[in-house]
Amino acid sequence: MLLELRNLSVSYGKAVALENVSLRIDEGEFVAVLGPNGAGKSTLLKAISRSQPSTGTLTLRGQSLQGLPAHAVVGQGICHCPEGRRLFPELTVLKNLMLGAYLRRDASAVATDLKTVYSLFPILQERAEQVVSTLSGGQQQMVAIGRALMGKPSLLLLDEPSVGIAHRLKIEIFDAIKRIQQGGCAILMAEQDAQSALRIADRVYVLEHGQVGREGTSAELGADDYIRQAYLGVG
Ligand SMILES: Nc1ncnc2c1ncn2[C@@H]1O[C@H](COP(=O)(O)OP(=O)(O)OP(=O)(O)O)[C@@H](O)[C@H]1O
Ligand SMILES: [Mg+2]
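What counts and what doesn't
Residues numbered from 1 in each chain as written. Chains lettered and ligands numbered in written order. Predicted model: local features only at pLDDT ≥ 70, side-chain atom pairs only at ≥ 80, totals over all residues. Helix = DSSP H or I, 4+ residues; strand = E, 2+ residues; numbered from the N terminus. Rg over C-alpha atoms; globule rule 2.2 N^0.38 Å. Buried ≥ 20, exposed ≤ 12 C-beta atoms within 10 Å, placed from the backbone. Contact = placed C-beta atoms within 7 Å. Near = placed C-beta within 6 Å. Nonpolar A, V, L, I, M, F, W, Y, C, P; charged D, E, K, R; others polar. Core = buried A, V, L, I, M, F, W, Y, C linked by C-beta atoms within 7 Å.

Attention now goes to the overall build of the protein. Along the protein, the regular secondary structure elements total 10 helices and 10 strands. Here the C-alpha atoms of the protein give a radius of gyration of 17 Å, agreeing with the 18 Å that 2.2 N^0.38 yields for 235 residues. If one aligns the C-alpha atoms of the protein with their principal axes, the spans along those axes are about 45 × 40 × 35 Å. Expressed as a percentage of the 235 residues in the protein, the buried residues total 42%. Put simply, of all contacts in the protein between residues at least 6 apart along the chain, 67% involve residues at least 24 apart.

Rendered as structure tokens:
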């Protein structure tokens, strides 16, 4: 097992955002988290990357992450591509990408990983010296994913990578994410596009009101009447 959460809870003041969430991700696995607005998806990813404190068990390969600062979690191989991308709009594509590698001292491996990012998203190589604020939303999302990859993750946390993106770029981004997994990186992806998530993920958790409602393989949930009605708009 790569990552394990047991009874993980997060509160914002008196408001409980996550309550006793238990979840696991195996090495190289692609897991999606579905759920409506406010369900706690972003909070879950923030708790895993330690950008939000939580209570309960949070372990990576059996070692607790609780107590570690967020930058140390990156050093352990968990890289977070956050909601809203959080790029530096006035810096170039290349500078934004390299910020993802700021903790690394393995320059030749960093150069190899930059080539991998460019092969996943060729447009980023063409636009390497362009400032990010002048890119389209979909291209900016590619920079955000690329920056997370520059941290050399064994687990990539993706927060709604397809939100607000034109259909064609969305397909390209999901294809690239699938290829990232095929390269050996596990993925935990929060996503509201249930159809796309069920198509590319191995397993799915459904978060509702801060708790895990349903979980199962993509095939199981794709055939589940409740999921079909509430998330796929069919049945
Ligand atoms: N910094 C914060 N302070 C107070 N409440 C917060 C904070 N961040 C999130 N919340 C609340 O916690 C709950 C879960 O929010 P979260 O952002 O995790 O949901 P989400 O599933 O990612 O939603 P969305 O699909 O809209 O991104 C919501 O009720 C939200 O209002
Ligand atoms: Mg969110």
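And the narrative resumes.
A few words on the site of ligand 1. Taken together, 13 residues form the shell around ligand 1, and within it Tyr12, Asn37, Lys41, Ser42 and Thr43 come nearest. Of all the secondary-structure elements, those providing two or more residues to the shell around ligand 1 are β2 (15–25) and α1 (41–48). Broken down by element, the shell around ligand 1 gets its largest block of residues, 3 residues, from α1. A breakdown of the residues in the shell around ligand 1 according to their chemical character gives 4 nonpolar, 7 polar and 2 charged.

Right, let's get into the nonpolar core. Ranked by size, the top nonpolar core spans 71 residues in total, and within it Leu156, Leu157, Ile187 and Met189 carry the most contacts. With 6 residues, helix α6 (residues 137–149) is the largest single contributor of residues to this core. Among all residues touching leucine 156, those that are not within four sequence positions of it are Cys79, Cys81, Ala148, Ile180, Cys185 and Ile187.

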